[in-house]
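Per-entry structural report
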Amino acid sequence: MVEFPLTGEQLALDLLNTRPHLGGEPVDLLATPEGLREWLAVQSDRLSAPPDTEVVREVVFAARELAAAAVAALRQGQVPPTEVLPGLTELQRAAPVHQELSWDGGVVVRRVRSGSAAQRVGAELAEAVAELIAGPVAGVRECESEDCVLLFLPAHPRRRWCSAQRCGNRARVARYYQRHKG
Ligand SMILES: [Zn+2]
């Protein structure tokens, strides 16, 4: 079982949060086949994944690299590196979307992506990254805990931690010992 410290943010942030610091060390939770498979399972309601999840490894990593570069630049008010925006466009162009119309007592519209399984996942992730970086990226915060790099979009302006359980409590305990030492 791979534990993902923070999921349920925007898909692009969940993707970036697969590289947390654990015990002060940067780790890649998608590095193993189990990690990748379990992350795709966690995201299954908003990301399609083939039975053999290894076929999407390359595009997942490519999308994550592009997302990391774009978000890092934009959070500092800088222009993303030149290859980033074309890269995200390219990933989506590989698996374009069309509407499939059918009749079931009324017109039914289904959004269908062409392309291979890997191309579809790459396009889905690139679209999610585009939604973030063309939208609310300026509001993305990094957890305030010293050795935590997890990113989130606070629904509440006072949110300071990735999660209360993971970092909020730790900070409270640290403050407690700070006050009571000596
Ligand atoms: Zn945290």
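As a reminder, the structure under discussion sits directly above these lines.
Residues numbered from 1 in each chain as written. Predicted model: local features only at pLDDT ≥ 70, side-chain atom pairs only at ≥ 80, totals over all residues. Heavy atoms only, no water.

What follows is about the side chain of Thr18. Positionally, Thr18 belongs in the loop between α1 (11-16) and β1 (21-22). The contacts of Thr18, once residues within four sequence positions are left out, are Val27, Asp28, Leu29, Leu30, Trp39 and Arg64. (Helix = DSSP H or I, 4+ residues; strand = E, 2+ residues; numbered from the N terminus. Contact = heavy atoms within 4.5 Å.)

Turning next to the coordination of the zinc ion. Coordination of the zinc ion by the protein involves Cys143 (SG), Cys148 (SG), Cys162 (SG) and Cys167 (SG), with metal-donor separations of 2.3 to 2.4 Å. Coordination of the zinc ion draws on donor residues from a single chain, spaced C-x4-C-x13-C-x4-C in sequence. Here Cys148, found in the loop between β5 (141-142) and β6 (151-152), pairs with Cys162, found in the loop between β6 and α6 (164-180); they are 14 residues apart in sequence, far enough to count as distant. We classify Cys148 as buried; its relative accessible area is 2%. (Donors = N, O, S within 2.8 Å, 3.2 Å for Na, K, Ca; no water. Buried < 20%, exposed > 50% of the residue type's maximum accessible area, 1.4 Å probe, protein only.)

Okay, helix α5 (residues 117-133) next. If you check α5, its first and last C-alpha atoms are 24 Å apart, about what 17 residues at 1.5 Å a residue would give, namely 24 Å. Taken together, the buried positions of α5 are occupied by Ala118, Val121, Gly122, Ala123, Glu124, Leu125, Ala126, Ala128, Val129, Leu132 and Ile133. As for α5, its buried residues are in contact with α1, α2 (33-42), α3 (57-75), α4 (84-93) and β4 (107-113). (Expected span 1.5 Å × (residues − 1).)

Turning next to α6. Every α-helix carries 3.6 residues per turn, so stepping three or four residues along brings you back to the same face. Of all the positions in α6, only Cys167, Gly168 and Ala171 are classed as buried. End-on view of α6: buried residues confined to an arc of 95 degrees, all on one side of the axis. Of the exposed residues in α6, those oriented more than 90 degrees away from the buried face are Gln165 and Tyr177. (Arc of directions from axis to C-beta.)

Contact geometry for α3 and α5: axes closest at 9 Å, N-to-C directions at 10 degrees. As far as their axial angle goes, α5 and α3 are roughly parallel. Seen from α3, the contacting residues are Val59, Val60, Ala63, Ala67, Ala70, Val71 and Leu74; seen from α5, they are Ala118, Val121, Gly122, Leu125, Val129, Leu132 and Ile133. A per-class count over the contact of α3 with α5 returns 13 nonpolar, one polar and no charged. (Axes fitted to C-alpha atoms, helices over the stretch in contact; angles between N-to-C directions. Parallel < 35°, antiparallel > 145°, perpendicular 65-115°, else oblique. Nonpolar A, V, L, I, M, F, W, Y, C, P; charged D, E, K, R; others polar.)

Considering all chains together, one arrives at zero aromatic pairs under this definition. Looking at Arg159, its charged tip hangs above the ring of Phe152, at a distance of 4.0 Å from the centre. (Phe/Tyr/Trp six-rings, centres within 6.5 Å; stacked < 30°, edge-to-face > 60°. Lys NZ or Arg CZ within 6 Å of the ring centre and 35° of its normal.)

Now for the nonpolar core. Residues Trp39, Val60, Leu125 and Leu132 are the most contacted members of the largest nonpolar core, which totals 36 residues. When residues of this core are traced back to their parent elements, those giving at least two are α1, α2, α3, α4 and α5. Ranked by residue count, the leading element in this core is α5, at eight residues. Other than its neighbours up to four places away in sequence, Val60 contacts Leu15, Leu30, Leu36, Val121 and Leu125. Cys148, Leu150, Cys167 and Ala171 belong to the second largest nonpolar core, which has nine residues in total. (Core = buried A, V, L, I, M, F, W, Y, C linked by side-chain atoms within 4.5 Å.)

We now examine the environment of Ala126. Mapped onto the elements, Ala126 comes out in helix α5. Each C-alpha atom of the pair Ala126 and Ala12 lies 8.3 Å from the other, and the pair is 114 residues apart in sequence. In contact with Ala126, other than residues within four places in its own chain, are Leu88, Leu91 and Gln92.

Let us now look at the pairing of β4. The pairing of strand β3 (residues 97-103) with β4 spans seven bridges and is antiparallel. Looking at β4, one finds that His98 is bridged to Val112. (Pairing = 2+ DSSP bridges.)

Any empty space left between the atoms is revealed when a probe the size of a water molecule rolls over them. One number sums up the size of the largest pocket: a volume of about 280 Å³. Every residue lining the largest pocket is counted, 14 residues in all, and those nearest its centre are Arg46, Arg111, Arg113, Glu124 and Glu127. At the level of secondary structure, the elements contributing two or more residues to the lining of the largest pocket comprise β4 and α5. Across the lining of the largest pocket, the residue classes break down as five nonpolar, one polar and eight charged. Roughly 240 Å³ of volume is contained in the second largest pocket. Lining of the second largest pocket is provided by Leu16, Asn17, Arg19, Ala68, Val71, Ala72, Arg75, Gln76, Glu142, Val149 and Leu151. (1 Å grid on protein atoms, 1.4 Å probe; cavity = no way out; pocket = protein on both sides within 12 Å on 5 of 7 lines; lining within 4 Å. Points joined across faces, edges and corners; volume = space filled by probe spheres on them.)

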